[in-house]
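Examination of the molecular architecture
For reference, the chains in residue letters:
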Amino acid sequence: MSTRQIERITHIESLLLIENTVIDTKKLREACSYGIPDSLRPLCWRLFLDYLPRDRPNWKVVLAQQRAGYADLVENLIVTPGEQEDRHSAATTSKEVTDHPLSETSTTSEFRENEILIQIDRDVRRLRPEIQFFQKNTDYPFISAARINLAKRISRDRLAVDEDPLSKMSDRSSSEMTEESQSPAVPVKTAEEQDPECELHWQVVERMLFIYSKVNPGIKYVQGMNELIGPIYYVFATDPDREWAEHAEADTFYCFQHLMSEVKDNFIKKLDKSNCGIEIVINKFHERLAVQDPALYHHIAETQQIQPQFYVFRWILLLLSQEFSLPDLITLWDAVFASTDRIDCVQSICLVMLNEIREDLLAGDFSANMRLLQDYPNNIDVANIMIKAYDLRHKKVSNNSARSNSASDTSDISFNSSSQSLTRAADRISAFMTGAKARINQYTNKKKDNS
């Protein structure tokens, strides 16, 4: 590790010292914009996602209240209804079965909840299939909820999940999430094979998403939310500090809630064409591309008629979670979460992603470019993307400031960064990415027993 890397880590650590009763989140965000050390990432993400307050003395009370609140949600929405169902399982008529979210009754609302649960179950079983983590047992099962076992209680009779407008995203984009939708579910232990007091990590994610759908009836669950909550849970659940890891589920739930409060409008189809929907976001991206790289815009958007809905819809909606390997994604999310304008940060990253494959796009025909954009190359240097995106955003701010003082300034923002800047920033990032990859490799080298 270089001296510069050590200095970077030391600076982040100094901002999080116990002696600091108030965390300077502005300086912390700036320090983490190129990545966060593995050991500090869970804490930093909790701060950036507004789960932890800046005042450290308040942490103990806030954490206790939030975690107790989540435990109540689990008990009230899953455990109690499930236990009631068990007590009435011998009932011979539907009227004798207690009305609860998981019961197999004839009411439309209950079947709708069952459809949502089966969609969640389908999605979380194949979460990050390149690693084995989500197929392994958690060290901290929620015992009472584990006995209920949501996956075991799904009623699959008379369901038409594929027709569920909440879970179908293909009607919003002709190409988004195609590979995920067609990929087979990862083999897992059946409910009967599993110890009733043990839980796999994907089952923990399933529970969080089901509860989210219950407490957010306006949006419920939409396919793709699993891709946002999964990496957050992974980071918290693999925290080397067991006192924090023990509460990964509750902390992830509230961090996910806060993240969704920023991006949930993008998931609501009826808002697509509104001034707060996803179409406005991707149209702004297209406008930025036209200014940033007129030649590339003309080639792919005007000549080949490749609309941003075909590729950037998924990139922005899922915060790039399907475009990169988990260690690369986590490092990118360090920068995204550290930003005070996350969507703008993601858009800047997307612009750089296009620039990194610019020559291939200019040389490619429609079919080749569609394949390239929908299956982004995995050999692109993520550190380089982060550096250029950071510089792009800061140059944008500088140019906006300059233009406010000079109406005649029409200069474009350049992707080019000095070699000195690239080298300096690359040094900052490389250690963080190496650490993340080393930790994740334990789940990718070979299949391990769930233990």
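Remember, it's a predicted structure, so these values are computed and weren't measured experimentally. (Residues numbered from 1 in each chain as written. Predicted model: local features only at pLDDT ≥ 70, side-chain atom pairs only at ≥ 80, totals over all residues. Heavy atoms only, no water.)

Topic: the overall build of the protein chain
Quick reminder of the rule: For the purposes of this entry, the term helix denotes a DSSP run of H or I that reaches at least four residues, the term strand denotes a run of E that reaches at least two, and both are numbered from the N terminus. Relative accessible area decides the class of each residue, using a 1.4 Å probe on protein chains only: under 20% of the type maximum gives buried, over 50% gives exposed, and in between gives partly exposed. Per-residue and other accessible areas were derived by the Shrake-Rupley procedure at a 1.4 Å probe size, with only the shown protein chains allowed to occlude residues.
Scanning the protein chain for helices and strands turns up 20 helices and zero strands. Here the protein chain holds 451 residues, and 53% of them are scored as buried. Approximately 20,300 Å² of the protein chain is accessible, and the part contributed by carbon and sulfur atoms is 49%.

A few points about helix 13 (residues 294-303)
Note the threshold: The directions considered for the arc run from the helix axis to the C-beta atoms. We call two residues contacting when some pair of their heavy atoms lies within 4.5 Å.
For helix 13, the set of buried residues is Leu296, His299, Ile300 and Ala301. All buried residues of helix 13 lie within an arc of 160 degrees about the axis, which places them on one face of the element. In this fold, the buried residues of helix 13 make contact with helix 12 (278-292), helix 16 (342-356), helix 17 (358-363) and helix 18 (366-374). Positioned one or two residues after helix 13, glutamine 305 has a phi angle of 55 degrees, which is positive.

Regarding helix 16
We apply this condition: By definition here, a helix of n residues has an expected span of 1.5 Å times n minus one.
Relative to the 21 Å expected for 15 residues at 1.5 Å per residue, helix 16 spans 21 Å between its end C-alpha atoms, a close match to the ideal helical length. Burial within helix 16 is extensive, with 13 of its 15 residues counted as buried.

Some thoughts on the packing of aromatic side chains
Short version of the rule: Geometry of aromatic contacts follows a simple scheme: Phe, Tyr and Trp rings, the Trp one being its six-membered ring, pair when their centres are within 6.5 Å, and the pair is stacked under 30 degrees between planes, edge-to-face over 60, tilted otherwise.
Enumeration over the complete set of coordinates arrives at 15 aromatic pairs. For the ring pair tyrosine 70 and phenylalanine 253, a centre distance of 5.1 Å and an interplane angle of 45 degrees mean the geometry is tilted. Placement of the pair is tyrosine 70 in helix 4 (residues 59-87) and phenylalanine 253 in helix 11 (residues 248-263), with a sequence separation of 183 residues. The same class applies to tyrosine 70 as to phenylalanine 253, namely buried. Each ring, one from tyrosine 311 and one from tryptophan 315, has its centre 5.2 Å from the other, and the planes form 75 degrees; the classification is edge-to-face. Comparing tyrosine 311 with tryptophan 315 shows no difference in burial state: the two are buried. The structure contains a cluster of three or more aromatic residues connected by ring pairs, namely Tyr51, Tyr70, Phe253 and Tyr254.

Quick notes on the nonpolar core
One broad rule of soluble globular proteins: the nonpolar side chains tend to lie buried together. Short version of the rule: Residues grouped as a nonpolar core are buried Ala, Val, Leu, Ile, Met, Phe, Trp, Tyr and Cys residues, joined through side-chain atoms within 4.5 Å. Domain extents, as shown, originate in an automatic or database domain assignment.
Of all hydrophobic cores here, the largest spans 120 residues; its most connected members are Leu28, Met225, Phe267, Tyr311, Trp315 and Ile316. Summarising the domain contributions, this core has at least three residues from each of domain 1 (3-81 + 107-159 + 194-263) and domain 2 (269-402). Beyond its immediate sequence surroundings of up to four residues, tyrosine 311 is in contact with Phe285, Leu289, Ile300, Ile306, Leu354 and Leu373.

Focus: the pattern of salt bridges
Under the convention used in this document: By salt bridge we mean one thing: a side-chain nitrogen of Lys or Arg within 4 Å of a carboxyl oxygen of Asp or Glu.
As enumerated under the stated definition, the model contains 18 salt bridges in all. Where aspartate 251 meets arginine 46, a salt bridge forms, and the shortest distance between an N and an O atom there is 2.9 Å. Taken together, the residues aspartate 251 in helix 11 and arginine 46 in helix 3 (residues 41-48) connect sequence positions 205 residues apart. Assessed through its relative accessible area of 0%, arginine 46 is described here as buried. Aspartate 251 is the partner of arginine 67 in a salt bridge, and the nearest nitrogen-oxygen pair spans 2.8 Å. Of this pair, arginine 67 sits in helix 4 while aspartate 251 sits in helix 11, and the two are 184 residues apart along the sequence. The class of arginine 67 is buried, set by a relative accessible area of 16%. Assessed through its relative accessible area of 0%, aspartate 251 is described here as buried. Taken together, the salt bridges that share partners define one network made up of Asp38, Arg41 and Asp334.

So, unusual backbone geometry
Even without being glycine, aspartate 50 reaches a positive phi, approximately 60 degrees. Its location among the elements puts aspartate 50 in the loop between helix 3 and helix 4. Aspartate 50 sits in the exposed class, given a relative accessible area of 52%. Residues other than glycine seldom take positive phi values, yet glutamine 305 does so here, at roughly 55 degrees.

Quick look at the confidence of the model for the protein chain
Low pLDDT means the predicted coordinates in that region are not meant to be read closely. Applicable threshold: For every residue, the pLDDT score states the predictor's confidence, bounded by 0 at the bottom and 100 at the top.
Confidence in the prediction of the protein chain, expressed as mean pLDDT, is 81, and 73% of residues score 70 or more. Under a pLDDT of 50 for its full length, residues 401-413 has, in the predicted model, 13 contacts with residues more than four places off or in other chains.

Quick look at the environment of methionine 386
Structurally, methionine 386 can be placed in helix 19 (residues 382-405). Along the primary structure methionine 386 and threonine 331 are separated by 55 residues, whereas in three dimensions their C-alpha atoms are 8.8 Å apart.

Considerations on the side chain of arginine 314
Rule in force here: Identification of polar contacts relies on pairs of N or O atoms within 3.5 Å, with a donor-acceptor requirement for protein atoms, meaning one able to donate a hydrogen and the other able to accept it, and with residues adjacent in sequence counted only if both atoms are side-chain atoms.
When you line up the elements, arginine 314 lands in helix 14 (residues 312-317). Of the residues examined, arginine 314 reaches a relative accessible area of 11% and is grouped as buried. Here the side chain of arginine 314 touches glutamate 323 through a polar contact of 2.9 Å, side chain to side chain.

Remarks on the packing of helix 12 against helix 16
A pair of packed helices is characterised by two quantities: the angle between their axes and the separation of those axes. Where we set the bar: Whenever a helix is involved, its axis is fitted only over the stretch in contact; in every case the axis is a line through C-alpha atoms, and angles between N-to-C directions fall within 0 to 180 degrees. Comment on the angle field: the value is read as roughly parallel under 35 degrees, roughly antiparallel over 145, roughly perpendicular from 65 to 115, and oblique elsewhere. Take the far helix as your reference; a near helix turned counterclockwise from it by less than a right angle gives a left-handed crossing, and one turned clockwise gives a right-handed crossing. The residue classification treats Ala, Val, Leu, Ile, Met, Phe, Trp, Tyr, Cys and Pro as nonpolar and Asp, Glu, Lys and Arg as charged. All others, Gly included, are polar.
Running from amino to carboxyl end, helix 12 crosses helix 16 at an angle of 45 degrees, the nearest separation of the two axes being 11 Å. When the axes of helix 12 and helix 16 are compared, the pair comes out oblique. Two packed elements cross with a definite hand, and for helix 12 against helix 16 that hand is right-handed. On helix 16, the residues that touch Val281, Lys284, Phe285, Arg288 and Leu289 of helix 12 are Ile343, Asp344, Gln347, Ser348, Cys350, Leu351 and Leu354. Each residue belonging to the contact of helix 12 with helix 16 can be placed in one class, and the counts come to seven nonpolar, two polar and three charged.

A look at the environment of glutamate 249
Among the secondary structure elements, glutamate 249 is positioned in helix 11. When its relative accessible area of 9% is taken as the criterion, glutamate 249 is described as buried. Spatially, the C-alpha atom of glutamate 249 lies 7.5 Å from that of methionine 208, the residues being 41 residues apart in sequence. Leaving out residues up to four positions away in the same chain, glutamate 249 has contacts with Tyr70, Val74, Phe142, Val204, Arg207, Met208 and Tyr233.

Focus: the packing of helix 3 against helix 9 (residues 225-237)
Between helix 3 and helix 9, the least distance of the axes is 8 Å, while the angle of their chain directions is 135 degrees. In terms of orientation, helix 3 and helix 9 fall into the oblique class. At the point where helix 3 passes helix 9, the crossing takes the left-handed sense. Contact residues: helix 3 offers Arg41, Pro42, Trp45 and Arg46, while helix 9 offers Pro231, Ile232, Val235 and Phe236. Its residues assigned to classes, the contact of helix 3 with helix 9 shows six nonpolar, no polar and two charged.

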